[in-house]
Every structure is written in structure tokens, then in C-alpha cells.
Amino acid sequence: MRRVMAAGALAILVAACGAPAPSGDDIRPSTAYLARHRPMGGGPAALVVGTLIERHGCLLLDVPGGPTLPLWPPDASAWVIDGVTTIVDGQGLPALTVGGQASFGGGYDDTLDWAEQQAGPIPAGCRTPSYILVNDLERIAQD
């Protein structure tokens, strides 16, 4: 009963913030850092492919050149669903889990200054040699 009440309270809290809660038996917000870019009208559409990983409390994308910090759309959120950290889209639907393969439209940049212009201050432990702007979370496909 307590778990049901907690999930219900979480759903109300998330709905009040404008994003629906994901569903599942064991749901809680992730404490991992999820960088989100400011709202944009479009964006880069190069194909980006990699594996979502969690390292030092940061959600990164492992790509051929090494881990990079994705800058997710503003309505994305990170949840732990049934024990697995999951990126959730603006409709509350799971889009990608840690360990899952992703491909989506986006673009790279190598400068921290650019990334912080898009997403605000990035914690020192989450800084990487490059950054990826995720153009549209709905283009993500998990294998």
C-alpha cells in the first residue's frame, strides 16, 4: 500500500511540473545528472549512435570516440524504473535505458562553453571532451 501511495504521490508531483510520470511497480526519480538543453526550434540532425552509460553520477553516451555528455531535450527526465536508470520523454514514456543502444538526430561540439550556453552549468565530474545536442528524443531507438 505504501508503494502505491508513493507512486501516486510521485505521479501528482511530476504532473504538477508539466511532465507525466512513467509507469511501473518501482519508480523513483534518478539522482544521476541529466543535462537538458534550452528549448529550440529545430536543431542538428546528424546521426548519433552510442550506448547510454552512467558514470560518476552522470548520464553519458558511449560513442566511438569515448564517452560524451548528451544535452537532452528540455522535457526529458531521468527515472529509475524497476531498478534501471531510464531516460523518459515528455509524454512520460521510457525512451532509453542505461546499457541500451541509441540512435537519434543530433550534433557534436567540443567546447564546454558551447555546452553550458545550451544547458547551463555542467558539474565538473560530468564534463567530457565533447558534447552532443540531442535534437529530438522521439528519434531514439533502443535495440
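Caption draft 1: View of the sheet that holds strand β7 (residues 94-97). Pairing is antiparallel across the open sheet formed by four strands, whose spatial order is β1-β5-β6-β7. Here the strands that pair on one side only, and so sit at the sheet edges, are β1 (27-29) and β7. Taken over all neighbouring pairs, the strand axes of this sheet differ in orientation by 40 degrees on average, direction set aside. Two strands pair when backbone bridges link them, and strand β6 (residues 84-88) and β7 are joined in this way by three bridges, in the antiparallel orientation. For Val-88, the partnering residue across the bridge sits in β7 and is Pro-94.

Caption draft 2: A look at the confidence of the model for the protein. Predicted confidence across the protein gives a mean pLDDT of 81, with 78% of residues reaching 70 or more. Here residues 1-17 is a poorly scored stretch, pLDDT under 50, and it has ten contacts once near neighbours within four places are set aside; other chains count. Confidence drops under pLDDT 50 across residues 139-143; counting only partners more than four residues distant or on other chains, this segment forms 19 contacts.

Caption draft 3: Inspection of the pairing of strand β2 (residues 46-55) at higher detail. Both β2 and strand β8 (residues 101-109) contribute to a ladder of six bridges, which runs antiparallel. Residue Gly-50 lies in a different strand from β8, and its bridge partner there is Ala-102. Alignment of β2 against strand β3 (residues 58-63), held across five bridges, turns out to be antiparallel. Directly across from Leu-52, in β3, lies its bridge partner Leu-61.

Caption draft 4: A look at the pattern of salt bridges. With the rule as written, the count across this model stands at two salt bridges. Residue Arg-28 is joined to Asp-26 by a salt bridge in which the shortest nitrogen-to-oxygen separation is 3.9 Å. Using a relative accessible area of 41% as the deciding quantity, one classes Arg-28 as partly exposed. Judged by relative accessible area, which is 29%, Asp-26 ranks as partly exposed. Residues Glu-116 and Arg-127 are paired through a salt bridge, measuring 3.7 Å at the closest nitrogen-oxygen approach. With Glu-116 in helix α2 (residues 112-119) and Arg-127 in the loop between α2 and β9 (131-134), this residue pair connects regions lying eleven residues apart in the sequence. By relative accessible area, Glu-116 is classed as partly exposed at 25%. With a relative accessible area of 41%, Arg-127 lands in the partly exposed category.

Cut-off values and rules
Residue positions are given per chain, counted from 1 along the sequence in the order it is written. Confidence filtering applies because this is a predicted model: local features only for residues at pLDDT of at least 70, side-chain atom pairs given and counted only at 80 or more, and all residues used for totals across whole chains, interfaces and linings. Only hydrogens and water are set aside when side-chain values are computed; all heavy atoms of the structure are taken into account. Pairing between strands is defined by DSSP: at least two bridges between them are needed. Elements are defined by DSSP. Helices are runs of H or I of four residues or more, strands are runs of E of two residues or more, and each kind is numbered from the N terminus. Geometry is summarised by axes, namely lines fitted to C-alpha atoms with helices restricted to the contacting stretch, and by angles between N-to-C directions that run from 0 to 180 degrees. On a scale of 0 to 100, pLDDT captures the predictor's confidence in every residue. The contact criterion used is simple: two residues touch if any of their non-hydrogen atoms lie within 4.5 Å. What makes a salt bridge here is a side-chain nitrogen of Lys or Arg within 4 Å of a carboxyl oxygen of Asp or Glu, nothing more. Residue exposure (1.4 Å probe, protein chains only): buried if accessible area is under 20% of the type maximum, exposed if over 50%, otherwise partly exposed.

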